[in-house]
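Architecture at a glance
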Amino acid sequence: MQNGEQNRIAQARILAVFLFLCIGIGGIVAYAQNGEPETESGSLQDTIDALQKQRLEEEWQTRIARSQEFLQNLADVRGAAAAFRRAVAQHRERRSEHRATCATDLRSASKYTKFPIALRCYRTDLALNADLLRKERAYLEQMAGVSESTRALALTRTDMLADSISALMTGIDSDVFEILDDLVESKQNLLRNYRIPQWLAVNQMKAQQLATWIDSLVTRVALLTENEQETLDAATMELLLEGITCLNEAQQILAQVADMQEYEQARTQLRTAEERIQACLAPLRETGGTMQAEEQTAPEQIVQPEISRKLRSRLDEHFRIGNQ
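Rules used throughout
Residues numbered from 1 in each chain as written. Predicted model: local features only at pLDDT ≥ 70, side-chain atom pairs only at ≥ 80, totals over all residues. Heavy atoms only, no water. Helix = DSSP H or I, 4+ residues; strand = E, 2+ residues; numbered from the N terminus. Buried < 20%, exposed > 50% of the residue type's maximum accessible area, 1.4 Å probe, protein only. Contact = heavy atoms within 4.5 Å. Areas by Shrake-Rupley, 256 points an atom, 1.4 Å probe, with all protein chains shown as cover. Salt bridge = Lys/Arg side-chain N within 4 Å of Asp/Glu carboxyl O. Expected span 1.5 Å × (residues − 1). Disulfide = S-S within 2.5 Å. Core = buried A, V, L, I, M, F, W, Y, C linked by side-chain atoms within 4.5 Å.

Of the regular secondary structure elements, the protein holds ten helices and two strands. The order of helices and strands in the protein, counted from the N terminus, is α-α-α-α-α-α-α-α-α-β-β-α. When burial is assessed residue by residue, the protein has 41% of its 324 residues classed as buried. A sequence separation of at least 24 residues applies to 77% of the contacts in the protein between residues at least 6 apart. For the protein, the exposed surface amounts to about 17300 Å²; the carbon and sulfur share of it is 50%.

Pasting the structure below:
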């Protein structure tokens, strides 16, 4: 039983810590096979084994440091994330009221007043969008767990969208639009050329943040199994192993979002990963406590899951111990 439990611990750490890391010793192996005399093959193999062990340990320490940095960054921007969620909720309420009023006005408008009302409504809608976009940009600047290149792309596309919205508002104020067809075409161009690319970039940020969150969670699970090898029972080990194996699969789904060029495809992939993560947390939830969900919106609702309070507390405790 003891040997079986140790094997499960080893499996958990391999899955959690390395995530199928490729050890860069191909050149050394080739040198051993082609360039060294057979009489020294034993000592060379020992050297290769030592290098491999050192490389894995370095990767493990890097993962711990990266996870620690992510958790700290996540804590630092918690207030900004909450503020942006409130801004999104307020925006949706104001937009809903505005559109309901506009729909009523347009129904009662004559053929002579319909176009001016449509222009006025569209301008107000653009102004509401511009206000939310400023707040979204402020949050994206701080969003934890994403690379600077991914952040830069999202911010650039956000700025391009904001500039286009501003240009349209100026055009409306300057009486550039003369017929309804021109207004419809401007809406379509804004959506196709600026709004959808911005949505795609933001969803790629969300996918990357979730992947980083998974990486951090898996690292902490690995550290927990390492520090509590003698106290974790076999059933808990099986649940942890099942959970991290599943999370690794979800992380692979998220990785595909970065290369997608179609917003709907990326959004569908992200939702698939979110559903997969929720399923993955089921075995971790069984280790104690009740799972809660934290909502994050940018620009659409996304569920960012958390693990059970009891397990999270144990993970955080051992994560701190591992970094003292």
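A word on the pattern of salt bridges. Counted according to the given criterion, the structure contains 13 salt bridges. When the shortest N-O distance is used, the salt bridge between Asp215 and Arg63 registers 2.5 Å. Here the residue Asp215 occupies a position in helix H7 (residues 180–227), and Arg63 occupies one in helix H3 (residues 41–76), the gap between them amounting to 152 residues. Exposure class is identical for Asp215 and Arg63. Each is buried. Residues Arg137 and Asp159 are paired through a salt bridge, measuring 2.5 Å at the closest nitrogen-oxygen approach. On the criterion of sequence distance, the pair formed by Arg137 in helix H5 (residues 114–142) and Asp159 in helix H6 (residues 148–173) is long-range, its members being 22 residues apart. Judged by its relative accessible area of 29%, Asp159 is partly exposed. Several salt bridges share partner residues, and in doing so they unite Arg94, Asp131, Arg134 and Lys135 into one network.

For helix H4 (residues 78–107), with 30 residues, the first-to-last C-alpha span of 44 Å sits near the 44 Å given by 1.5 Å per residue. The set of residues buried in H4 consists of Ala81, Ala82, Phe84, Ala87, Val88, His91, His98 and Cys102.

Of note, the phi angle at Asp175 is positive, near 60 degrees, even though the residue is not glycine. Tracing the backbone through its elements, the reader meets Asp175 in the loop between H6 and H7. On the basis of relative accessibility, which here comes to 61%, the residue Asp175 falls in the exposed class.

Moving on, we get to the state of the cysteines. Overall, the coordinates contain two disulfides when judged by the stated rule. Numbered in order of appearance, the disulfide-bonded cysteines of the protein are paired 1-2, 3-4.

Counting 33 residues, the largest nonpolar core has Trp213, Ile214, Leu217, Leu247, Leu254 and Ile277 as the members making the most contacts within it. Looking at this core, the elements that each hand over two or more residues are H3, H7, helix H8 (234–257) and helix H9 (263–285). Counting residues per element, this core draws most heavily on H7, at ten residues. Here Ile214 is in contact with Leu247, Ala250, Gln251, Leu254 and Ile277, once residues within four sequence places are set aside. With 15 residues, the next largest nonpolar core counts Leu126, Ile165, Leu168 and Phe177 among its residues.

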